Amino acid sequence: LKMFWFWLYLPLHLLTATRLCHSIKAPTTSSQQSFKTNLFNFYHSLILADGKETTVHLLKDIPKRYYFALEEGRVLAPFSITVTPCDVPIEWSILVYKSPPGKATPGDHDTQEVSKSQKASSVVSTIFNYKGNSVETYMGMSSHSALYLLEFLSTERDTHITVYLTTDTTSGHLYPELPADPRIDVIGIGHTTVTLTWKHSPSVLQHRESIQYCLLVNEKHNYKSLCAAETAIRSSGMKLPSTLTLSLSPYLLEPQQVMILSNSELSIINKVSSGEVRQVCMGTKNTYTVPSLSPSTQYYFDVFIVNLLTNASAAYTGTFARTLEEPEPKVPELKDGKVIHVVLDGKKQKFYSLQYQARHKKILFTFQLCRGQIRVHITRNGKTVASENLSGLRYFSLKGKLLDTYLVQLRSTEEFNSSVKVQASPHFHKPLFPLLPESLKIKSFSKLRTCRSVTIAWLGTQEESKYCVYRKRIEEDQIWRELQSTDRCSGPESRHKSEKVLCKYFYDLNLQRAVTTETINGLEAGTLYLFDVYLFGPSGIPVRYHSKVVKTRKKC
């Protein structure tokens, strides 16, 4: 095709050049250099095809030139040139080479003195120049045959552009037509959504089947053309499918891309270093709600009207919007005497909050650690009053004022899930848990071990309470799992009936003697057993002592 255009325009090229040389006087010494430069530019330029979009690759600081010739003999020759920068700003200009119209009248050169600059300008003149990265279109009209030279230059870095020349300005356009008002309006903003609308392109009404709107969403900036947007995405390491491939196969996607097809709308999400870049094509709908955005984040939105037959596009004026801040999650409230069981995600390591408004001056917070390890942080009216790691059962007795606001924050300090039971109550409220001994450890006596029995002991209190003993046979490789996974808040109802050994009541006003022992018989020789003791208080809620593993003797 390039050779076709070359041979087509070559006669005109040579003919016009010959005319230019013969129709003017030989340049004087002072204008010879300018004349030679113009001829050099002319003969070292490429032919620009008419009616076709041409991709031009530019090297930094090296100009590139194209020329085209308008048909000779036409009274009026309209033409238009559209240049689309695909990356950085560029400089481009249009120069025209014209043959002087007619011959000089006799006596003109005798009576009129022509300056050197006028002679030079009679050969070539600049009719347009531009510097920037916007899509620019020049429309011109020539009343006689002429040769035009387009010169392009990138001073920032290597880049590429697209150039479209047409001399047929009446039978339609390669690029879809933008409305008189090409702005995008933001009509709704949510925490994770933004709703946009824009005026219809006249091209949609004329060629509905071959025209569609595509939306580009990113967190960096607006793009003035689809070409520029695709270049930016590729430069970040991604391969963005061309607009035509959006409606084709998902196998064209890269591993870092996600394709979403919903309600006849195709979305492609690219994961880039500067955030997500989404390309959504929605047919001819001119209102769209962008879903699944991040709260409190600024996004830039560009709408392109795309001709599916030619793959040409035109850009609406981009806009931006910031999603609303994520609302603070509603903090659950603690009620007097009510127990809340909280399970904490160890992987997220986030604080879980509970709020309590005091109706009494003295407040008692009770925490029963069920599983894992937990950090508790308590504030009163924004000031810290307690902060520590929980272990077993823990009470915090706090004194303040009526209507003080307490905030309890809990966080798992383990990588796996932890859980805890929490209660807030006034001091005179009926206690949730029984009175506890100084230690919840179970002791075993090695010397009292036999092949068939084990003797254990645990501390009691000054309050008469019920104690129940349970046993469970385990294997060597089950010890760690049993001790770590045990839910210390679960009661005997979670145990099998066959594991129950006995229940007994006891107390002693003298704490030094508040100790009880129990010998468990009927065991097997050389076997591991897990022993648990449950303490029941007036409320009926049990407290589990720390489990104890004991092995019977092999030989007796």
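Quick caveat: nothing in here was measured; it's all calculated off a predicted structure.

Undergrad: Would you mind showing me how to read the overall build of the chain here?
TA: Counting its regular elements, the chain contains seven helices and 35 strands. Every one of the 556 residues in the chain was classed for burial, and the buried ones make up 44%. For the chain, contacts bridging at least 24 residues in sequence account for 76% of all contacts bridging at least 6. Summing over all exposed atoms, the chain offers an accessible surface of approximately 30,400 Å²; the carbon and sulfur share of this is 52%.

Undergrad: Quick question: what am I supposed to make of the sheet that holds strand β22 (residues 362-371) here?
TA: Strands pair in a sheet through their backbones, by hydrogen bonds, and they do so in one of two ways: parallel or antiparallel. Across the sheet, which stays open at both edges, the four strands sit in the order β20-β27-β22-β25 with antiparallel pairing between neighbours. The open sheet has two edge strands with one neighbour each: β20 (339-344) and β25 (393-399). With direction set aside, neighbouring strand axes in the sheet form an average angle of 20°. With seven bridges joining them, β22 and β25 adopt antiparallel strand pairing. Paired with Leu364 across the two strands is Ser397, which belongs to β25.

Undergrad: Looking at this model, I keep getting lost on the packing of aromatic side chains. Mind explaining?
TA: What characterises a pair of aromatic rings is the spacing of the ring centres plus the angle enclosed by the ring planes. Using the criterion set out here, one finds 20 aromatic pairs in the structure. Aromatic side chains Tyr164 and Tyr175 sit 5.5 Å apart centroid to centroid with 85° between the ring planes, which places their arrangement in the edge-to-face category. Residue Tyr164 is located in strand β9 (residues 159-166), and its partner Tyr175 is located in the loop between β9 and β10 (184-189); the two are separated by 11 residues in the primary sequence. Residue classification places Tyr164 among the buried residues on the basis of a relative accessible area of 10%.

Undergrad: When you look at the side chain of Thr455 in this model, what are you seeing that I'm missing?
TA: On the secondary structure map, Thr455 appears in strand β29 (residues 454-459). Of note is the side chain of Thr455, whose polar atom sits 3.0 Å from the side chain of Thr519.

Undergrad: Would you mind going over the pairing of strand β26 (residues 405-412) with me for this structure?
TA: Along any regular strand the residues' side chains alternate between the sheet's two faces. By the alternation rule, side chains of β26 split into Tyr406, Val408, Leu410 and Ser412, which are all buried, and Thr405, Leu407, Gln409 and Arg411, of which none is buried. The pairing of strand β21 (residues 352-357) with β26 spans six bridges and is antiparallel. Each bridged residue has a counterpart across the sheet, and for Tyr352 the counterpart in β26 is Leu410.

Undergrad: What should I look at first to understand the sheet that holds β10 in this one?
TA: Taken in spatial order, the three strands of this open sheet run β10-β11-β16, and their pairing is antiparallel. The two strands at the open ends of the sheet, each matched to only one other strand, are β10 and β16 (287-290). In this sheet, neighbouring strand axes are inclined to one another by 25° on average, regardless of whether the strands run parallel or antiparallel. Where strand β11 (residues 194-198) meets β16, four bridges bridge the pair, whose relative direction is antiparallel. Across the sheet, Leu196 pairs through a bridge with Tyr288, a residue of β16.

Undergrad: Can you walk me through the pattern of salt bridges in this structure?
TA: Any two side chains of opposite charge can pair if their charged atoms end up close together. Under the counting rule described, the total for this entry stands at 14 salt bridges. Where Arg65 meets Glu151, a salt bridge forms, and the shortest distance between an N and an O atom there is 2.6 Å. Here Glu151 lies in strand β8 (residues 146-153) and Arg65 lies in strand β3 (residues 64-69), a separation of 86 residues in the sequence. By relative accessible area, Arg65 is classed as buried at 18%. Among the residues examined, Glu151 registers a relative accessible area of 24% and is labelled partly exposed. As a salt-bridge pair, Lys335 and Glu333 come within 3.5 Å of each other at their nearest N and O atoms.

Undergrad: Any chance you could explain a nonpolar patch on the surface here in plain terms?
TA: Taken together, the side chains of Val186, Ile189 and Leu324 make up a nonpolar region of the molecular surface, amounting to roughly 210 Å² of accessible area. Its place among the elements puts Val186 in strand β10. In this structure Val186 comes out as partly exposed when scored by relative accessible area, which is 30%.

Undergrad: Mind showing me how you'd approach the state of the cysteines here?
TA: What the rule picks out here adds up to five disulfides. A disulfide bridge connects Cys214 with Cys281, and the sulfur atoms are separated by 2.0 Å. Across the S-S bond linking Cys214 and Cys281, the dihedral sits near 100°, which makes this disulfide right-handed. Linking Cys214 in strand β12 (residues 211-218) with Cys281 in strand β15 (residues 275-281), this pair joins segments that are 67 residues apart in sequence.

What counts, and where the lines are drawn
- Residues numbered from 1 in each chain as written.
- Predicted model: local features only at pLDDT ≥ 70, side-chain atom pairs only at ≥ 80, totals over all residues.
- Heavy atoms only, no water.
- Helix = DSSP H or I, 4+ residues; strand = E, 2+ residues; numbered from the N terminus.
- Buried < 20%, exposed > 50% of the residue type's maximum accessible area, 1.4 Å probe, protein only.
- Contact = heavy atoms within 4.5 Å.
- Areas by Shrake-Rupley, 256 points an atom, 1.4 Å probe, with all protein chains shown as cover.
- Pairing = 2+ DSSP bridges.
- Axes fitted to C-alpha atoms, helices over the stretch in contact; angles between N-to-C directions.
- Phe/Tyr/Trp six-rings, centres within 6.5 Å; stacked < 30°, edge-to-face > 60°.
- Polar contact = N/O pair within 3.5 Å; in protein donor to acceptor, adjacent residues only side chain to side chain.
- Salt bridge = Lys/Arg side-chain N within 4 Å of Asp/Glu carboxyl O.
- Patch = residues over 30% accessible without salt bridge, like charges linked within 9 Å, V, L, I, M, F, W, Y side chains within 5 Å.
- Disulfide = S-S within 2.5 Å.

Honestly, that's just the spatial picture; any functional story needs more than this.
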